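# Understanding the architecture of this molecule
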Amino acid sequence: MRILLDTHIALWALTDTTKLSEDVIHMLESGKNEVYYSIASVWEIAIKHKIRPEQMPIHNDPFDRILLAQAKYEKLSFITHDSLIPYYRENCIMSV
């Protein structure tokens, strides 16, 4: 399976795997899967790092739309924990 990670999933995979389910950890560690992250995630981290948390938007997040568009275009499964992403109702979304 080809998997695109949402920004927070990629960060959790690198910094705090206790936030990931056993299923996601297995998918990330499996040699059968190709795991991708987007340059949009790198961009998002850089921008949000400069914004104080109290100034961040609640969810009107263009980065989510960029990541979702990339997953659809490249035929990747998009793993996210964002509870609002499933409302996009796209087949590529894997909510954990």
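Residues numbered from 1 in each chain as written. Predicted model: local features only at pLDDT ≥ 70, side-chain atom pairs only at ≥ 80, totals over all residues. Heavy atoms only, no water.

## Quick word on the packing of aromatic side chains
This structure, assessed with the given rule, holds one aromatic pair. A centroid spacing of 5.2 Å and a plane angle of 80° characterise the contact between Trp43 and Phe63, whose relative ring orientation is edge-to-face. Here Trp43, found in helix H3 (residues 39–50), pairs with Phe63, found in helix H4 (residues 62–73); they are 20 residues apart in sequence, far enough to count as distant. Looking at Phe63, the relative accessible area reads 7%, which means it is buried. (Phe/Tyr/Trp six-rings, centres within 6.5 Å; stacked < 30°, edge-to-face > 60°. Helix = DSSP H or I, 4+ residues; strand = E, 2+ residues; numbered from the N terminus. Buried < 20%, exposed > 50% of the residue type's maximum accessible area, 1.4 Å probe, protein only.)

## Observations regarding H4
For H4, with 12 residues, the first-to-last C-alpha span of 16 Å sits near the 16 Å given by 1.5 Å per residue. Of the residues trailing H4, Lys75 is marked for its positive phi of about 55°. (Expected span 1.5 Å × (residues − 1).)

## Some details on the environment of His81
Within the secondary structure, His81 is located in the loop between strand E3 (77–80) and strand E4 (93–95). Under the relative-accessibility criterion, His81 is labelled partly exposed at 42%. On a C-alpha basis, the gap between His81 and Leu20 in space is 9.1 Å, while along the polypeptide they are 61 residues apart. Setting aside residues no more than four positions away along its own chain, His81 makes contact with His8, Ile9, Trp12 and Val96. (Contact = heavy atoms within 4.5 Å.)

Shape descriptors only; they carry no functional weight alone.
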